[in-house]
Every structure is written in structure tokens, then in C-alpha cells.
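# Summary of the model geometry
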Amino acid sequence: MAPTIPATNTRVLRVKNVAGLHAVNESYFSIEQTPKPEVHDGEILVRSLYIGLDPCPLDQAVKEPLRGFGVGEVVETKHTQFQVGDIVSGPSLTWDAYSLQKEPAKTLFIVPNARQLAEQNKVPLSAYLGILGMPGLTAWQSFQLYGDLKAGQTIFVSSAAGGVGQTAVQYAKLKGLKVIGSAGSDDKVEYLKKTLGIDHAINYKTQDVKAEIQRLVPEGLDLYFDVVGQESLDIALETTKRFGRIITIGTVSNMNHDGGSPQTPYVHKNLHLIYVKELRIHGLSAFNHFGVFPAFWTETQSQFAAGLLQATEVVEDGLVNVPKTFAKILDGSYRGKVVIKVADL
Ligand SMILES: NC(=O)c1ccc[n+]([C@@H]2O[C@H](COP(=O)([O-])OP(=O)(O)OC[C@H]3O[C@@H](n4cnc5c(N)ncnc54)[C@H](OP(=O)(O)O)[C@@H]3O)[C@@H](O)[C@H]2O)c1
């Protein structure tokens, strides 16, 4: 039986402009009660189950509902493509207990088999925000288009214990690559080696990443998957072999509020190596590739259910915990994908 929809809705709002994601603290948010949204023709109402906290720009205006990737259940529908009970995911779910979706067909995907796989304890719904969600799709699609992954090759992944990084190392391991990654603590290094089974892990805060890669792979890397940017991209240019590939998907070390662009300018020191070594460099923005979600899920849901992929998550309970959790997302406290559980299925 569909749950009763309460007359009031809990909502997380941003109340101040953000001068860079590294500066966000709890005082940037407020939690308010609003009336239950009215659903009009073409719209649906989604009961939030999980929302993902991504280090992405909070680019909605102050006091506008914040949006991001979430997973929810359709509880009211005036749209022919959506039925009550569908499990949906997409970038337009607001940080509300009940999220009104005005153009659901443009921004939400019905996740096939999600309810059954969750009820059978084969794939938790939170996984659609991490390894089976936007972070996973970022790594998966980057590899599909630009990875040219071949068993026996060597890949380096920066920020390997993070939301995108942990998926990149797992897909690369599944393809039979030798995987090296970096992270910001010994605890994360142990997790990468023992839990995710990567071949070598480097603590970038206490070790010299470039020297370590050169020691471990004197012939040079086949592929460098970069989440961090700046000095990390300099190291990529230095440590990839001739004809090597670099995939760049983030600049987590230096994030602005307006699109993830670097907050302070950075001058790359060795761009000549692109032509000297005839490197291939590709960027990818997942936001241009959401159409591949169905194909991505077809492959990865069964891999997950078979135990070939795993989700490392930090799950905090309740919208009330969004402000304190978001404020810590970039400081390295968390390992893996950070999600807020809003309600039970
Ligand atoms: N191109 C795309 O489509 C796309 C898609 C998703 C994400 N992204 C971008 O990718 C980046 C990571 O996203 P995510 O979801 O994987 O995030 P995440 O796991 O939540 O990233 C947070 C982690 O980044 C690391 N970090 C923070 N500051 C750092 C610094 N100065 N140097 C190196 N590492 C630092 C920390 O781990 P340590 O403790 O290891 O330092 C922290 O735990 C972000 O910039 C995001 O915007 C891009």
C-alpha cells in the first residue's frame, strides 16, 4: 500500500552564497517545513529515499530548493510515463522529503528492477548514487569512450578512495589492469589495498606521488585517471608513457562554486610533454552522458548482484544531517560515496 503523504514537507535550503566549496560550513543551510507540493498535469511527486552529496556546485539561487542526484519512489503521478511505485533516479531530485518534478521525463530515469534487487538484498538503493550512479557512470563512460582498457596495462587513479575514484579502480580491476591509486590517509590506503584489492596505493599527503609511480612503473603508465587536477595533472603528464592516455574528470583540489572550475588559477608546468610523448588527453562530463544510464545499469547491476562490484558508502540518517555532512564532504573525513538516507522503501 502506498504510504500516506503528509501535509507538510521537509526541505533543505541554502541561505548564503558560497565562495568556493572548500569554504562551505553548516551555517550555509537551513531546514524548513513547507506545504506538500501540489501535482499538476505532466508532473510527479517523488518520496525521497536517498540523496547523494556530491562535491558539485550549489548553483541554485539562495532560498531555491537545492537539487542533486537522489533515489526516490513515485507517490503521485500526472505523467503517463511514470507509475506510482516506480523507483526513479536523476539529477533533478530536490533536497526535500517530497520532491515535485515538473519535467520528469527530461531529468529522471526509472531504474529497472531496483525494487526487486533491493528487496532481495542484492543491490541497495543507495548504490544508485555511487557505484551504480553518477560517479560510477563517470568512470564507466570515460573508460568506454576513452579508456581503451586492456588486461595487463597499468592505470593510476587519483583520489581513488572517493566517490568516482573507488568506481574507477573497480572497473579497471575487472578489466584485468594493474591498478595504482592515491588517497589522503593511511586508513584509505589500507582500504584500497585490502578491500578493493588494488595493486599499490600511495598516501599523497606523506609520500611523493610522482616518485612512487616512477619507482613502481619505470616504463610509464598506460593510463592516468585524474580526479584531482592541478599538480596531479602535472604528475600525469610526467608519468604516462609515450602514446599514453590521460582522462581528466575533476579538480577536487581546487573547486569553485560555479561549475567546479578552479577557484585559483594554476599554471601547468609541463604541457610540452603532450606532444613530446604524443599523449591523448580526454575530459568527460557525466552531465552530457546520462542517456547511457540504461546500458550502464544493464551491465553493472548484475556485476554488483554477483559480488564483482562493491559500494563503499557513508550513510547519514535524515535530511536534518545534510548541513553537517555536506560541510565535511571535502575535508577527507569520509571514505567513498556520501549519502543521506531520507526514508525507508
Ligand atoms: N566530470 C564529471 O562528470 C564528474 C562527475 C563526478 C564528480 N566529478 C568531480 O570529481 C571530483 C571528485 O568527486 P567525487 O564524487 O569522487 O567526490 P568525493 O569522493 O566526495 O571527494 C571528496 C574527496 O576528495 C579528496 N580531496 C579533497 N581535497 C583534496 C585535495 N586538495 N587533493 C586531493 N584530494 C582531495 C578527499 O579524499 P582524500 O582523503 O583522499 O584526500 C575527499 O574525501 C569533484 O571535483 C567532482 O566535482 C566530476
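Here, the structure is the one placed above.
Reference entry: report on the structure contained in this document. (Residues numbered from 1 in each chain as written. Predicted model: local features only at pLDDT ≥ 70, side-chain atom pairs only at ≥ 80, totals over all residues. Heavy atoms only, no water.)

### Examining the site of the ligand
Contacts to the ligand come from 27 residues, most closely from G163, K188, Y204, L284 and A286. At a separation of 2.8 Å, a nitrogen atom of the ligand approaches a polar backbone atom of L284. Within the complex, 89% of the 920 Å² of free accessible area of the ligand lies under protein. Contributing elements (two or more residues each) for the shell around the ligand: α3 (134-147) and α4 (163-174). Here the residues of the shell around the ligand are counted per class, giving 15 nonpolar, 11 polar and 1 charged. Counting only domains with at least three residues in the shell around the ligand, you end up with domain 1 (8-129 + 312-341) and domain 2 (134-287). (Near = heavy atom within 4 Å. Polar contact = N/O pair within 3.5 Å; in protein donor to acceptor, adjacent residues only side chain to side chain. Areas by Shrake-Rupley, 256 points an atom, 1.4 Å probe, with all protein chains shown as cover. Helix = DSSP H or I, 4+ residues; strand = E, 2+ residues; numbered from the N terminus. Nonpolar A, V, L, I, M, F, W, Y, C, P; charged D, E, K, R; others polar. Domains from an automatic or database assignment.)

### Description of the packing of aromatic side chains
One pass over the full model with this rule turns up 15 aromatic pairs. For the pair F109 and W297, a centre-to-centre distance of 6.2 Å together with 80° between the ring planes defines the contact as edge-to-face. In this pair, F109 is assigned in strand β7 (residues 109-110) and W297 in helix α9 (residues 293-305), connecting sequence segments 188 residues apart. Judged by its relative accessible area of 1%, W297 falls in the buried class. Note on F293 and W297: the rings are 4.8 Å apart at their centroids and 25° apart in plane angle, and the pair reads as stacked. Pair noted here: F293 and W297 are both in helix α9, with a separation of 4 residues, about one helical turn. By the ring-pair criterion, three or more aromatic residues cluster together here, those being F69, F109, Y128, W140, F287, F290, F293, F296 and W297. (Phe/Tyr/Trp six-rings, centres within 6.5 Å; stacked < 30°, edge-to-face > 60°. Buried < 20%, exposed > 50% of the residue type's maximum accessible area, 1.4 Å probe, protein only.)

### A word on the sheet that holds strand β9 (residues 178-183)
Strand order in the open sheet formed by 6 strands is β10-β9-β8-β11-β12-β13, and the pairing between neighbours is parallel. At either end of the open sheet lies a strand with only one pairing partner, and these are β10 (200-203) and β13 (280-283). Pairs of neighbouring strands in the sheet enclose a mean axial angle of 15°, with direction left out of account. Pairing of strand β12 (residues 240-248) with β13 involves 4 bridges; the strand directions are parallel. Residue pairing in the sheet places R245 in a bridge with R280 of β13. (Pairing = 2+ DSSP bridges. Axes fitted to C-alpha atoms, helices over the stretch in contact; angles between N-to-C directions.)

### With respect to the pattern of salt bridges
Evaluated as defined, the whole model comprises 19 salt bridges. A salt bridge links K194 to E190; its shortest N-O distance comes to 2.6 Å. Here the residue K194 and the residue E190 both occupy positions in helix α5 (residues 186-194), the gap between them amounting to 4 residues, near one helical turn. Classification of K194 by relative accessible area gives exposed; the value is 67%. Residue E190 is classed as partly exposed on the basis of its relative accessible area, which comes to 34%. For D234, the salt bridge is made with K269, and the minimal N-O distance between the two is 3.7 Å. (Salt bridge = Lys/Arg side-chain N within 4 Å of Asp/Glu carboxyl O.)

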